[in-house]
Amino acid sequence: GFQYHPGLHMVTWNVATADPPDDVTTLLHLNSPKNPDLYVIGLQEVYSGPLRFVSDAVFDDPWSYLLMSLLAPQKYIKVSSIRMQGLLLLFFSKLEHVPFIRDVQATYTRTGLFGYWGNKGGVSIRLSFYGHTLCFLNCHLAAHMKYASERVDEFEYIMDTQSFDCKRAPTIVDHRLVFWFGDLNFRIQDHGMHFVRICIDKQNYSLLWSKDQLIMMKQKEQVLQEFEEGPLDFQPTYKFDRNSESYDTSAKKRKPAWTDRILWRLRPKALPPDEENENKVGLDAKKLKQLEEDMEYPLKIRQDVYTSIMEYSISDHKPVIGIFTLEMYETPLVRLRAEGDWSADIDAMVVYSPLQPFPSSTWDWIGLYKVGFSSVSDYITYTWVKDDEVAFNEEVIQVYVSKEEIPVQGGDCVLCYYCNALKCIIGISEPFQVMIWK
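Residues numbered from 1 in each chain as written. Predicted model: local features only at pLDDT ≥ 70, side-chain atom pairs only at ≥ 80, totals over all residues. Heavy atoms only, no water.

Peer 1: Sorry, what's going on with empty space enclosed by the protein here?
Peer 2: If a probe the size of a water molecule is rolled over the atoms, the empty space left behind becomes visible. This structure, assessed with the given rule, holds one cavity of 30 Å³ or more. Counted by class, the lining of the largest cavity contains four nonpolar, three polar and no charged residues. (1 Å grid on protein atoms, 1.4 Å probe; cavity = no way out; pocket = protein on both sides within 12 Å on 5 of 7 lines; lining within 4 Å. Points joined across faces, edges and corners; volume = space filled by probe spheres on them. Nonpolar A, V, L, I, M, F, W, Y, C, P; charged D, E, K, R; others polar.)

Peer 1: Would you mind going over helix H4 (residues 193–201) with me for this structure?
Peer 2: An α-helix turns once every 3.6 residues. As a result, residues three or four positions apart point the same way. Every buried residue of H4 is listed here: Val-196, Cys-199 and Ile-200. Along the axis of H4, the buried positions cluster into a sector of 100 degrees, meaning they face one direction only. Facing away from the buried side of H4 by more than 90 degrees, the exposed set consists of His-194 and Asp-201. Close packing links the buried residues of H4 with helix H5 (206–209). Phi for Gln-203, located one or two positions after H4, is positive at around 60 degrees. (Buried < 20%, exposed > 50% of the residue type's maximum accessible area, 1.4 Å probe, protein only. Helix = DSSP H or I, 4+ residues; strand = E, 2+ residues; numbered from the N terminus. Arc of directions from axis to C-beta. Contact = heavy atoms within 4.5 Å.)

Peer 1: What should I look at first to understand the pattern of salt bridges in this one?
Peer 2: For side chains of opposite charge, pairing can occur when their charged atoms come near one another. Scanning the model with the defined rule gives 13 salt bridges in all. Ionic pairing is found between Arg-261 and Asp-212, a salt bridge with its closest N-O pair at 2.9 Å. Separated by 49 residues along the polypeptide, Arg-261 in strand S11 (residues 260–266) and Asp-212 in the loop between H5 and helix H6 (213–220) bring together distant segments of the chain. Accessibility assignment for this pair places Arg-261 and Asp-212 in one class, buried. For Glu-226, the salt bridge goes to Arg-265, with nearest N and O atoms at 2.9 Å. Here Arg-265 lies in strand S11 and Glu-226 lies in the loop between helix H7 (222–225) and S11, a separation of 39 residues in the sequence. By relative accessible area, Glu-226 is classed as partly exposed at 29%. Taken together, the shared-partner salt bridges connect Arg-168, Arg-176, Arg-267, Glu-293 and Asp-294 into one network. (Salt bridge = Lys/Arg side-chain N within 4 Å of Asp/Glu carboxyl O.)

Shown next, in the form of structure tokens:
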């Protein structure tokens, strides 16, 4: 496959039943020179009124409406959304990636200790993106300082009970990459209010990390250890007086806390069976498949930004954004190569074979491009695919390119297969040399 670096912009925000602000440019980095490929936006405490408990009809929700109306002109499509009471999760993709997003499913889990059944829990969207399985889990966990271990229990309950109708990844942990985010409600323990405030004023956040309940819990809970999180180099996002940047001045005087978080988990690598134990301990079929995936299509992730955005004050929480770059190898749908020598004095041959089923038609074509081309329309020449190409056995198909069409000056070129139904290139050959015609 060829390497690919999609950008992902994530938002988590407990909006405390407020209507959306007039301007969410900063929240979505709409003025930034680099547009992300995907937006994942998880909100908590969206005003739900007497709404259906689980709703796919997000039209009646002003947040979804605002985000869709802003992102659509920028060529983003809402691929999926799920809402459970106050929890809302939206997944947007740039139009060009939509053909490569498959098996989209959304589900929800209610938790709710202490009789508040249903207003807390998790909503998730899972999908396959260029062949990689991704899962996004937006949670709102139990509140209050003393319930740290209950929060972990709720999270484990959500992880254990959510399941998907998908052979490759029936549960959350089976996914190649999982994002866990939301109002996780973990607090800063032991330190008094005065000390916490001084650390925040002086931006000495690291003095508070060792007493952050989530960081503390990670040390002893196996399920949490597999999740990574960037450094909390931003001020705690809870609890603010509304319409201000000052922490809670009410009689309750809540201690500030990093309640709003974004973590991720790359599936631990499946280890090959040991040489010595080969006979005793094999890998089960699922692990073997995972091992093949790890080897053939490596996936890496880098976090570029993890911060809060202080300018929004409609809620008692500030929004948190995480911006990531994925590094992956795209699984092409077609393998193709230039056969033999190419030059302007002989007809040339292209050999191709489908690797996965796709909607092929006689309007598909294969283009010859200079290495470094910037647009699908930059082809030097093209040839239509075979009319009888619709069969999907493992056959190898040959097409000819007439010598009249081949550039006399030669150079480094690639072949690209353009699928008319998907409106995009679905396979690229290795670069090869077109000889200069003597």
